[in-house]
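Close look at the chain arrangement
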Amino acid sequence: MYLSRFLSIHALWVTVSSVMQPYPLVWGHYDVCKTQIYTEEGKVWDYMACQPESTDMTKYLKVKLDPPDITCGDPPETFCAMGNPYMCNNECDASTPELAHPPELMFDFEGRHPSTFWQSATWKEYPKPLQVNITLSWSKTIELTDNIVITFESGRPDQMILEKSLDYGRTWQPYQYYATDCLDAFHMDPKSVKDLSQRTVLEIICTEEYSTGYMTNSKIIHFEIKDRFAFFAGPWLRNMASLYGQLDTTKKLRDFFTVTDLRIRLLRPAVGEIFVDELHLARYFYAISDIKVHGRCKCNLHATVCVYDNSKLTCECEHNTTGPDCGKCKKNYQGRPWSPGSYLPIPKGTANTCIPSISSIGNPPKFNRIWPNISSLEVSNPKQVAPKLALSTVSSVQVANHKRDCECFGHSNRCSYIDLLNTVICVSCKHNTRGQHCELCRLGYFRNASAQLDDENVCIECYCNPLGSVHDRCNGSGFCECKTGTTGPKCDECLPGNSWHSGCQPNVCDNELLHCQNGGTCHNNVRCLCPAAYTGILCEKLRCEEAGSCGSDSGHGAPPPGSPALLLLTALLGTASPLLV
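Since we're looking at a predicted model, the values are computed, not measured. (Residues numbered from 1 in each chain as written. Predicted model: local features only at pLDDT ≥ 70, side-chain atom pairs only at ≥ 80, totals over all residues. Heavy atoms only, no water.)

Our focus in this paragraph is the overall build of the chain. Helix and strand content of the chain: eight helices and 37 strands. Taken over 581 residues, the chain has a buried fraction of 40%. Long-range pairs, those at least 24 residues apart, make up 56% of the contacts in the chain between residues at least 6 apart in sequence. A total accessible area of about 31,800 Å² is found for the chain, and carbon and sulfur atoms account for 55% of it. (Helix = DSSP H or I, 4+ residues; strand = E, 2+ residues; numbered from the N terminus. Buried < 20%, exposed > 50% of the residue type's maximum accessible area, 1.4 Å probe, protein only. Contact = heavy atoms within 4.5 Å. Areas by Shrake-Rupley, 256 points an atom, 1.4 Å probe, with all protein chains shown as cover.)

Take a look at the structure:
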């Protein structure tokens, strides 16, 4: 009896645990880079893909506000209570610690009572926009592993953009738009992550989900990382092999979750009504109590440790790799092209270890010999460090001695000597590079000025908006060539007098210069909605004029001056006037 009861309780516990555990406890953490194993030849090293543990990345960031004097308290000012917008006796004073709200309070210990928060100055300069940029910088490439969560102490802003940078803040791309009215604020249809799919997971959306409503978590805004993971790994993230396979093979997907900086652009504070209450402008400000960013150092699956020293994060590289992100092979370990580790096959992945250079194994080759690709070397023992070399001859195109003549900045380990030109050129440049020495960027990419020439992130995709740009190429600063009426670094904004409708189109009407006439209303800047009696682009014509029936009994408007009907009516009124006296 006791055994059956125990088994029933155990089965119940297993069922409850599986329901309560939304995500697997083990994803294949890849927390070991190598281990010793025993083979017939004795102890050998077995290498595997590895990565640092995911952690709270806010401990390592630097925060910057723009404008720099936007924080409240200098000079001291009063603001309205958040619970009662008409109780305006709260004070912000930067010189008094108990009344100060500096930026570092966005990242202190959450759960303190009373809660601590950063706060901006109030909207005392209305109607000038109250806008703030909050930039979070790591001076290191990081990979996001969990949702970005922003907790507002004030109401959530009416308009906000979350942006990312992959080149240390030199250029920015939007991550997500937030608004109470996406169509009005950003000319975008509102969506949520639930509207996306595997095919559209990289789509940049505008969501109204976090800017409207009064639910319990009405002060919180998310950027959903795990929901996007779930398109590949399933709703409970149990099929991680599928996600890892996509991250391995799809660079754009991997880059989507990779950042060096984040920027929160606060464009309009929470108003709550249609109109701003100009008599109580101290009601309007921004206040943030907490920002959560979870991720890990990007080490290309070649390190498990990322150290924070001298205010800088650095990977402690394994697998004979080096660089800030373990993005190249060490000197004398360039026997094959550098490659990032691979998550597959689960659970150990593939290390893709850098191996000794050919010239460091034996005598350097002459120009009448070609050193083979490492995959074609005869290796009697797979664990053997120095393989046996099999050389083949070439005639007109010969591979150069890479230690002396082949300089490809780590983007290729193959180069050819061309007799006719008496020169050496790199072959099969990687990392979106091209040129004789892989020193140029492919079309559609531009040079990352903050990266060295041997950095794998030296070339950044232009990301030109296909609807607003002439082509997908940009200049050396990352600016795209825009179509008429379009502006912005990525050609995703419209010049005044234009509105976004699958690209920037000239306004047919607006509320400034091109007013709809005769009671017409402007619809999305593309046409006037005219009353029944009027027509024309701006409702400037009587509909009956087009039909030639303004003098008929159709009832369309008044008869035009000088018409026979109007003359007859005047004569009749003149004859009848003495009777009225």
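Looking now at the sheet that holds strand 13 (residues 220-223). The antiparallel open sheet is built from four strands, whose spatial order is 7-15-9-13. At either end of the open sheet lies a strand with only one pairing partner, and these are strand 7 (118-119) and strand 13. In terms of strand pairing, strand 9 (residues 148-152) meets strand 15 (residues 287-292) through four bridges, oriented antiparallel. When the sheet's bridge partners are listed, Val-149 is paired in strand 15 with Lys-292. (Pairing = 2+ DSSP bridges.)

So, about the nonpolar core. Counting residues in each nonpolar core, the largest one holds 61 residues, and the members touching the most others are Trp-118, Ile-134 and Leu-266. Considering each element in turn, this core owes the most residues, six residues, to strand 8 (residues 132-144). Looking at this core, you find at least three residues from each of domain 1 (28-52 + 299-355) and domain 2 (56-295). Within the second largest apolar cluster, eight residues are counted, among which are Tyr-177, Phe-186, Met-188 and Leu-267. (Core = buried A, V, L, I, M, F, W, Y, C linked by side-chain atoms within 4.5 Å. Domains from an automatic or database assignment.)

Before going further, it helps to spend a moment on the confidence of the model for the chain. Residues with a pLDDT of 70 or more make up 78% of the chain, whose mean pLDDT is 79. This model gives residues 13-28 a pLDDT under 50, and the stretch forms 15 contacts once residues within four places in sequence are excluded. Low pLDDT, under 50, characterises residues 360-404; the predicted model gives this stretch 71 contacts beyond four residues in sequence or across chains. (pLDDT = per-residue confidence, 0-100.)

So, about the pattern of salt bridges. Taken as a whole and assessed by the stated rule, the structure comprises 16 salt bridges. Among the charged side chains, a salt-bridge network with shared partners connects Glu-163, Arg-263 and Arg-265. (Salt bridge = Lys/Arg side-chain N within 4 Å of Asp/Glu carboxyl O.)

The next thing to look at is the layout of surface pockets. In this structure, the largest pocket spans a volume of roughly 1,900 Å³. Lining the largest pocket are 49 residues; nearest its centre among them are Pro-174, Tyr-177, Met-188, Asn-465 and Asp-492. Of all the secondary-structure elements, those providing two or more residues to the lining of the largest pocket are strand 10 (159-165), strand 11 (173-179), helix 2 (182-186), helix 5 (251-256), strand 14 (258-268), strand 31 (493-494) and strand 32 (498-500). In terms of residue class, the lining of the largest pocket is made up of 23 nonpolar, eleven polar and 15 charged. (1 Å grid on protein atoms, 1.4 Å probe; cavity = no way out; pocket = protein on both sides within 12 Å on 5 of 7 lines; lining within 4 Å. Points joined across faces, edges and corners; volume = space filled by probe spheres on them. Nonpolar A, V, L, I, M, F, W, Y, C, P; charged D, E, K, R; others polar.)

What follows deals with the packing of aromatic side chains. According to the stated counting rule, one finds 13 aromatic pairs in the structure shown. A centroid spacing of 4.2 Å and a plane angle of 15° characterise the contact between Tyr-244 and Tyr-343, whose relative ring orientation is stacked. A residue pair is termed long-range when its members are at least 10 positions apart, and Tyr-244 in helix 4 (residues 240-249) and Tyr-343 in the loop between strand 20 (328-329) and helix 6 (358-361) qualify at 99 residues. Each member of the pair, Tyr-244 as well as Tyr-343, carries the same accessibility label: buried. Every member of this aromatic cluster is reached through a ring pair, and the members are Tyr-175, Phe-223, Phe-229, Phe-256 and Phe-257. (Phe/Tyr/Trp six-rings, centres within 6.5 Å; stacked < 30°, edge-to-face > 60°.)

Relative to the helices and strands, Asn-300 resides in the loop between strand 16 (294-297) and strand 17 (306-309). When residues no more than four places from it in sequence are discounted, the contact partners of Asn-300 are Asp-325, Cys-326, Gly-327, Trp-338, Pro-340, Gly-341 and Glu-456.

Right, let's talk about the environment of Leu-301 for a bit. Looking at where Leu-301 falls in the secondary structure, it is placed in the loop between strand 16 and strand 17. With a relative accessible area of 8%, Leu-301 lands in the buried category. When the C-alpha positions of Leu-301 and Cys-326 are compared, they lie 8.4 Å apart, and in sequence the two are 25 residues distant. The residues touching Leu-301, leaving out its near neighbours within four places in the chain, are Ala-49, Cys-50, Gln-51, His-319, Gly-341, Ser-342 and Tyr-343.

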